[in-house]
Amino acid sequence: MAEARPRVHREVVSFVRRSSRMNPSQQKAWREHADWVIRVPARDTDTSVAPDAHLDVTDAFGREAPLVVEIGGGTGDVISAVAAKHPDRNYLAFEVFEPAVASTLSKCARAGVDNVRVVVANGVDAVATLIGDRALTELWTFFPDPWHKKRHHKRRLVSRPFADLVAAKLADDGVWRLATDWEDYALAMREVLDEHPLLVNRHDGWAPRWEDRPQSRYEAKGIAAGRTIYDLCYGIREGGRR
Ligand SMILES: C[S@@+](CC[C@H](N)C(=O)[O-])C[C@H]1O[C@@H](n2cnc3c(N)ncnc32)[C@H](O)[C@@H]1O
């Protein structure tokens, strides 16, 4: 008799599970730069992270340097460009979609960078499990999936529980950079982050566009559709951690 499969509890996640089929150039990048992809044990689903998983960041990059994490970087437009501009920092990407990760690897290779590593995993799990408290110089969440329908708002990445997690992981002088082209999500982000006791808005309202951030694929789509881009930037409130 066939063994009963354990039931996998499907938690609410901020992404849609998609086919991981890659085109030939993505397959090539995946093969050629496999050493930039860090494997971590999963809990149940492929993109989950086992609660006892460990990442030795110094070992992964072969050096100690300020750590920048991006969640949901898509095809790597931003991380490849910024990592090239700041070779003195370590850049770690958490992205669930393998073909996008392959494109990120290929962009990093073209940019000539060696300071980017990628983990194919849910960034929420990954930040919670793999990143030490106060270890982040920067966290980026640029153009997260908007989840328009009200009944889907619980799937949005930027939420109070996620803000609690980020607040624990940011260094005292660390920053959380966000951007979106959806006004209602931008306003929801402001509401969650402005009322967080540990976080402080680094600007008076919306942040100016971060000059290092090149236009990503999703940003370009938003602009082409006539939408306004909203940038946000938060840090840790002075004395907030006492
Ligand atoms: C709308 S796209 C934006 C991509 C990119 N930031 C850009 O501006 O082009 C959102 C990306 O986030 C990824 N994603 C969504 N939730 C995620 C999560 N919890 N962890 C890791 N990646 C996630 C998706 O696979 C997708 O590539």
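Residues numbered from 1 in each chain as written. Predicted model: local features only at pLDDT ≥ 70, side-chain atom pairs only at ≥ 80, totals over all residues. Heavy atoms only, no water.

Engineer: Explain the site of the ligand to me, please; I cannot follow it from the model alone.
Structural biologist: Around the ligand, a shell composed of 20 residues is seen, among which S14, E95, G123, F142 and S216 lie nearest. The side chain of N122 places a nitrogen or oxygen atom 2.9 Å from a nitrogen atom of the ligand. G123 has a polar backbone atom sitting 2.8 Å from a nitrogen atom of the ligand. Across the complex, the protein chains shield 95% of the 590 Å² of accessible surface that the ligand would expose by itself. Put simply, the ligand lies in the largest pocket. Listed by contribution, the elements that provide at least two residues to the shell around the ligand are β2 (90-95) and α8 (217-224). Here the shell around the ligand is composed, by residue class, of nine nonpolar, seven polar and four charged. (Near = heavy atom within 4 Å. Polar contact = N/O pair within 3.5 Å; in protein donor to acceptor, adjacent residues only side chain to side chain. Areas by Shrake-Rupley, 256 points an atom, 1.4 Å probe, with all protein chains shown as cover. 1 Å grid on protein atoms, 1.4 Å probe; cavity = no way out; pocket = protein on both sides within 12 Å on 5 of 7 lines; lining within 4 Å. Sits in = over half its atoms within 2 Å of the grid points. Helix = DSSP H or I, 4+ residues; strand = E, 2+ residues; numbered from the N terminus. Nonpolar A, V, L, I, M, F, W, Y, C, P; charged D, E, K, R; others polar.)

Engineer: Looking at this structure, I do not really get the sheet that holds strand β6 (residues 199-201). What am I missing?
Structural biologist: Sheet strands associate in pairs through backbone hydrogen bonding, adopting either a parallel or an antiparallel arrangement. Pairing in this open sheet of seven strands is mixed, and the strands run β3-β2-β1-β4-β5-β7-β6 from one edge to the other. Unpaired on one side and paired on the other, β3 (116-120) and β6 mark the two borders of the sheet. Across this sheet, the average inter-strand angle for adjacent strands is 20 degrees, counted without regard to direction. One ladder, built from four bridges, connects strand β1 (residues 67-71) with strand β4 (residues 136-142); its direction is parallel. What sits directly across from V68, in β4, is E138. (Pairing = 2+ DSSP bridges. Axes fitted to C-alpha atoms, helices over the stretch in contact; angles between N-to-C directions.)

Engineer: It is not clear to me how the pattern of salt bridges should be interpreted in this structure. Could you clarify?
Structural biologist: A side chain of one charge can pair with a side chain of the opposite charge if their charged atoms are brought near each other. Counted according to the given criterion, the structure contains 19 salt bridges. The partner of K28 in a salt bridge is E32, with the nearest N and O atoms 3.4 Å apart. On the criterion of helical spacing, the pair formed by K28 and E32 is a turn pair, its members being four residues apart in helix α1 (residues 24-32). The class for K28 is partly exposed, based on a relative accessible area of 43%. Exposure remark for E32: the relative accessible area of 47% places this residue in the partly exposed category. In this structure, R209 and E219 form a salt bridge, with 2.4 Å as the shortest nitrogen-oxygen distance. Taken as a pair, R209 in the loop between β6 and α8 and E219 in helix α8 lie far apart in primary sequence, ten residues in all. In this structure E219 comes out as buried when scored by relative accessible area, which is 1%. Salt bridges sharing common partners tie together E11, R43, D44 and D125. (Salt bridge = Lys/Arg side-chain N within 4 Å of Asp/Glu carboxyl O. Buried < 20%, exposed > 50% of the residue type's maximum accessible area, 1.4 Å probe, protein only.)

Engineer: I tried to follow the packing of helix α5 (residues 123-130) against helix α6 (residues 160-169) on my own but got confused; where do I start?
Structural biologist: In a packed pair of helices, the relevant descriptors are the angle between the two axes and the axis-to-axis distance. The N-to-C vectors of α5 and α6 enclose an angle of 35 degrees; their axes lie 10 Å apart at closest approach. When the axes of α5 and α6 are compared, the crossing they make is left-handed. On α6, the residues that touch V124, V127 and A128 of α5 are F162, L165 and K169. Of the residues in the contact of α5 with α6, the class split is five nonpolar, no polar and one charged. (Left-handed = near helix turned anticlockwise from the far one by under 90°. Contact = heavy atoms within 4.5 Å.)

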